[in-house]
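Notes for the structure review
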Amino acid sequence: MTTTPTTPNPAIAADLAPTGTLRASVNLGNPVLAQGTPEAPAGVTVDLAREIGVRLGLPVELLCFDAARKSFAAMADGRADLCFLAVDPAREAEVAFTAPYVVIEGVYVVPRGSAYTTVEDVDAPGVRIGVKKGSAYDLFLSRTLVHATVVRGDEGVDTFRAEGLEVGAGIRQPLTAYAEAHPDVRLIQGRFMEIRQAVGTTVGRAPETVTFLRDTVEELKANGFVADALRRSGQDAGLLAP
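We now turn to the structure provided with this report. (Residues numbered from 1 in each chain as written. Predicted model: local features only at pLDDT ≥ 70, side-chain atom pairs only at ≥ 80, totals over all residues. Heavy atoms only, no water.)

The relative placement of two packed helices comes down to the angle between their axes together with the axis-to-axis distance. Packing of helix α2 (residues 44–56) against helix α10 (residues 225–232) leaves a shortest axis separation of 8 Å and a crossing angle of 135°. One way to sum up the angle between α2 and α10 is to call them oblique. Considering the relative orientation of α2 and α10, their crossing is right-handed. Contacts from Val 44, Asp 47, Leu 48 and Glu 51 in α2 reach Phe 225, Val 226, Ala 229, Leu 230 and Arg 232 in α10. Taken together, the residues that form the contact of α2 with α10 break down as six nonpolar, no polar and three charged. (Axes fitted to C-alpha atoms, helices over the stretch in contact; angles between N-to-C directions. Helix = DSSP H or I, 4+ residues; strand = E, 2+ residues; numbered from the N terminus. Parallel < 35°, antiparallel > 145°, perpendicular 65-115°, else oblique. Left-handed = near helix turned anticlockwise from the far one by under 90°. Contact = heavy atoms within 4.5 Å. Nonpolar A, V, L, I, M, F, W, Y, C, P; charged D, E, K, R; others polar.)

Spelled out as structure tokens, the structure:
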């Protein structure tokens, strides 16, 4: 779905994209939000970046990374103007977020014979949880776990498998697919967190720029743009945030 853009606002365009090109940081490590290759990325975040560029009359450059922490670093270092990350207190010191456009779930995977059956069971002494370093669920679990510990790696489920950990953490959709392909593991029912995916820019941007991004995201949620983008990329439109 495409929208009819409003007349571009030169002041907002200059503030958000001082180079004259809107540089958008895309995390290909989250298959719900982005798919494809750095040369040909696709998905809801790519569609959102391009639509924001259209509305501001700006060309768009997509900077693709394989992890949220790298996408965040590009934003923090000034290499990107726009990012698509989960809202988290550890990031809000540097990123001004919109409301979420997609809500996904963080879930656990365990060996099939594991005694752990609930999310609450996992936070116990001696339990090691494999996470993707710098991911939203790494930040959340590092902040909230009382007894269990996190073990960081390039991919949470790979770390869980390679190091023989008690638990692996990740996003529901890829972990569900992993469990279906590996009968020696199973998902724990329920979620340990909601991951609220939002559009962000640096906190130093003008208030009008942040307001523009927040209003645009709300409009694109309401008019069906985000749901259509999810469907086109093979994702569940039910992930649309309220």
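A word on the state of the cysteines. Under the counting rule described, the total for this entry stands at zero disulfides. Take Cys 83: it sits in no disulfide, and the sulfur closest to it among the cysteines is that of Cys 64, at 14 Å. Residue class for Cys 83 comes out buried when judged on its relative accessible area of 0%. (Disulfide = S-S within 2.5 Å. Buried < 20%, exposed > 50% of the residue type's maximum accessible area, 1.4 Å probe, protein only.)

Our focus in this paragraph is the pairing of strand β10 (residues 167–171). Within a regular strand, side chains alternate between the sheet's two faces. In terms of burial, β10 is largely enclosed, as five of its five residues are buried. Where strand β7 (residues 102–111) and β10 come together, four bridges link them in antiparallel fashion. Following the sheet pairing, Val 109 is matched in β10 by Gly 168. (Pairing = 2+ DSSP bridges.)

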